[in-house]
Amino acid sequence: MIRRTLAAAGTGLLATAAGVAVAELLATATRPPAAPLVAVGATVVDGAPAPVKEWAVRTVGTYDKPLLLGGIALALAVLAAVAGVLARRRPAWRLLGPAVLGAVGAGAALTRPDARPTDVLPALAGAAVAAALLRRLPLPGLSRVRPARTAGPPADPSGPTRRVLVRNATLVALGTALAGVGTAVLRRANVADAARSRAAVRLPAPASPARPLPAGAAPGFRTPTAEFYRVDTALTVPRLDVDSWRLRLHGLVARPVELRFADLLDRGLIERDITLSCVSNEVGGPYVGTARWLGTPLAPLLRAAGIRAGADQLVARSSEGMTIGTPIATLLDGRDALLAVGMNGEPLTFEHGFPVRMLTPGLYGYAGACKWVTELEVTTFDAFDAYWVRRGWAREAPVRTASRIDRPAPFARPAAGPVTVAGVAWAQHRGIGAVEVSVDGGPWRPADLLPTASTDTWVQWRYAWSAPPGPHSLRVRATDGAGGVQPEQRRTPFPDGATGWHTISVTVR
């Protein structure tokens, strides 16, 4: 009994694996966003409550995406095994099980913001393959016993069935493996094509270069691109072709426009050092970085389009359907809001939005930094709630004043005597006026501020501490350029950014 149940479960797994392999191969060859696993994963991401998303970002960071896809694959394997067992007992499940899984995949594909009617085809094709195999592969308990021959010794009714099962299972496994190899080859080809597209980009020199960093700025002021944080909902990184990319500006404007990548470059580029931070960043967290960005100013483009009276929101849409809403007043108040094409002297990487992303100094990324942008719609906040706003986050999201201790590390064991306490503080577009450090809950002492590029970047700071032996706590707070002091009260990032003083413990030897 147990052996037959396990064999039936294995049959369900094998049939479903073959169906998934066919679906992924078809999607990769025609339209990668229609891949069922990715579509289901994206639907799960969209439906997850805000606390769950916060926990995932805080706990596993950018590993949340492969872990989610792995979890979906595991759940699918369990369902496939159950379907195989049910099909052994009730033949109708040979069709019903794959039909249910196919419907889930097709439904998920159709719910994506950029869905097309044909996006259901990979999931339906995979379901058809799985159903056909469940009907074809012998299931223990359902195979008919062959009648005994009239002459000679009686035939072993289990022998042919077992041989057929092994033969067919081997053929299906080989076919599944070949489909998987084909999918991998196609994906590598797609990645190579996209890489060639990016490699062909030649960015012109900026009409307005960034100012050189003042003398005295410490090493590490700018974050290397490879180390720059990435927080987004894309389960697979979009890899857009720069030649076919278009940006459509429409909505409440007098003169809608569609721009090619070359058109953006021809508008004249500016280069600026800007700090970008994520609203999901906990106090003292890593989701903040500074880079040298190259892009075309957004304000002149909006003014040229002719914003109609009453419009107060610009909705940016990405190639995979993300929507980010930004106050138009913020984009027109003189700050260097950009359609960025370059980062740290090179074209944007795919992970950071190639070929074009939006960037708004002073706002958290979810409210002003859309990656892989393909559409800008001028509208109103009353008419449309962007992706994160629909999930409870604040409509307007100015960056909160924040500071962090980077050295010494938490639980470090420095030697007694002079110890340099150092870190960064940021309040983009307001700047940092002061940073203070407190030891063991004692009085606040001013830290030295190192030279910085502008009010749109973080400030490096350091404090000379004469450290006595024993355990100690260090905490930091900042005051922004407008005189606002970083609040002490600890708050989680939801709905508009974390607050509190970063505190660490060390033991001086």
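Look a little higher up for the structure.
Because the structure is a prediction, the values reported are computed rather than measured. (Residues numbered from 1 in each chain as written. Predicted model: local features only at pLDDT ≥ 70, side-chain atom pairs only at ≥ 80, totals over all residues. Heavy atoms only, no water.)

Some remarks on the state of the cysteines
Defined simply, a disulfide is a covalent bond joining two cysteines at their sulfur atoms. According to the stated counting rule, one finds 0 disulfides in the structure shown. C278 takes part in no disulfide bond, and the closest cysteine sulfur, belonging to C370, lies 14 Å away. (Disulfide = S-S within 2.5 Å.)

Side note on the packing of helix α2 (residues 36-47) against helix α5 (residues 93-111)
It is the contact of α2 with α5, at a shortest axis distance of 8 Å, that shows an interaxial angle of 65 degrees. Pair α2 / α5 crosses with left-handed handedness. Along the contact surface, α2 presents A39, V40 and T43, while α5 presents V104, G105, A108, A109 and T111. Of the residues that constitute the contact of α2 with α5, the class distribution is 5 nonpolar, 3 polar and no charged. (Axes fitted to C-alpha atoms, helices over the stretch in contact; angles between N-to-C directions. Helix = DSSP H or I, 4+ residues; strand = E, 2+ residues; numbered from the N terminus. Left-handed = near helix turned anticlockwise from the far one by under 90°. Contact = heavy atoms within 4.5 Å. Nonpolar A, V, L, I, M, F, W, Y, C, P; charged D, E, K, R; others polar.)

Regarding the pairing of strand β4 (residues 288-297)
Across the 10 residues that make up β4, a large majority, 9, are buried. Note: strand β3 (residues 270-277) against β4, 8 bridges, orientation antiparallel. Counterpart to E271 in the pairing with β4 is L294. In terms of strand pairing, β4 meets strand β7 (residues 338-343) through 5 bridges, oriented antiparallel. (Buried < 20%, exposed > 50% of the residue type's maximum accessible area, 1.4 Å probe, protein only. Pairing = 2+ DSSP bridges.)

Focus on the sheet that holds strand β6 (residues 323-327)
If you trace the 5 strands from one edge of the open sheet to the other, you get β2-β1-β10-β5-β6, paired in mixed fashion. Looking at which strands have only one partner, the edges of the open sheet turn out to be β2 (257-260) and β6. Pairwise comparison of adjacent strand axes, ignoring direction, gives a mean angle of 20 degrees for this sheet. Across 6 bridges, the pairing between strand β5 (residues 313-318) and strand β10 (residues 373-379) is antiparallel. Residue pairing in the sheet places L314 in a bridge with V378 of β10. Relative to the sheet, helix α9 (residues 298-305) contacts β1 (246-251), β2, β5 and β10, its axis offset from that of β1 by approximately 50 degrees.

With respect to the side chain of E436
Relative to the helices and strands, E436 resides in strand β13 (residues 432-439). Here the side chain of E436 touches R477 through a polar contact of 2.8 Å, side chain to side chain. For E436, the residues in contact, after removing those within four places along its chain, are W444, R445, P446, A447, R475, V476 and R477. (Polar contact = N/O pair within 3.5 Å; in protein donor to acceptor, adjacent residues only side chain to side chain.)

What to know about the pairing of β13
A large share of β13 lies buried, amounting to 6 of its 8 residues. In terms of strand pairing, β13 meets strand β17 (residues 470-480) through 7 bridges, oriented antiparallel. What sits directly across from V437, in β17, is V476. Here 2 bridges tie β13 to strand β14 (residues 445-446), and the two strands are oriented antiparallel to one another. Note that in β14 the partner of E436 across the bridge is P446. Two successive antiparallel strands, β13 and β14, enclose a turn made up of 5 residues, where D440 displays a positive phi of approximately 55 degrees.

Here's the deal with the sheet that holds strand β15 (residues 448-449)
Pairing is antiparallel across the open sheet formed by 4 strands, whose spatial order is β11-β12-β16-β15. Edge positions in the sheet fall to β11 (402-407) and β15, since each has one partner strand and no second. Bridging between β15 and strand β16 (residues 459-467) involves 2 bridges; their strand directions are antiparallel. In the sheet register, D448 faces β16, and the bridge partner there is R462.

Notes on the packing of helix α1 (residues 2-30) against helix α6 (residues 121-136)
Their axes nearest at 7 Å, the elements α1 and α6 cross at an angle of 150 degrees. What the angle tells us is that α1 and α6 run roughly antiparallel. The way α1 lies across α6 gives a crossing that is right-handed. Residues T11, G12, A15, T16, A18, G19, V22, A23, L26 and A27 of α1 pack against L121, P122, A123, A125, G126, V129, A130, L133 and L134 of α6. For the contact of α1 with α6, the class distribution of residues is 14 nonpolar, 5 polar and no charged. (Parallel < 35°, antiparallel > 145°, perpendicular 65-115°, else oblique.)

Considering the pattern of salt bridges
For the structure shown, the criterion picks out 24 salt bridges. D336 is the partner of R272 in a salt bridge, and the nearest nitrogen-oxygen pair spans 3.0 Å. Of the two residues, R272 sits in strand β3 while D336 sits in the loop between α10 (328-331) and β7, which places them 64 residues apart along the sequence. Judged by relative accessible area, D336 falls into the partly exposed class, the value being 23%. With its nearest N and O atoms 3.1 Å apart, the salt bridge here joins D496 to R400. Of this pair, D496 sits in the loop between β17 and β18 (502-508) while R400 sits in the loop between β10 and β11; the two residues are 96 residues apart in sequence, bridging distant segments of the chain. (Salt bridge = Lys/Arg side-chain N within 4 Å of Asp/Glu carboxyl O.)

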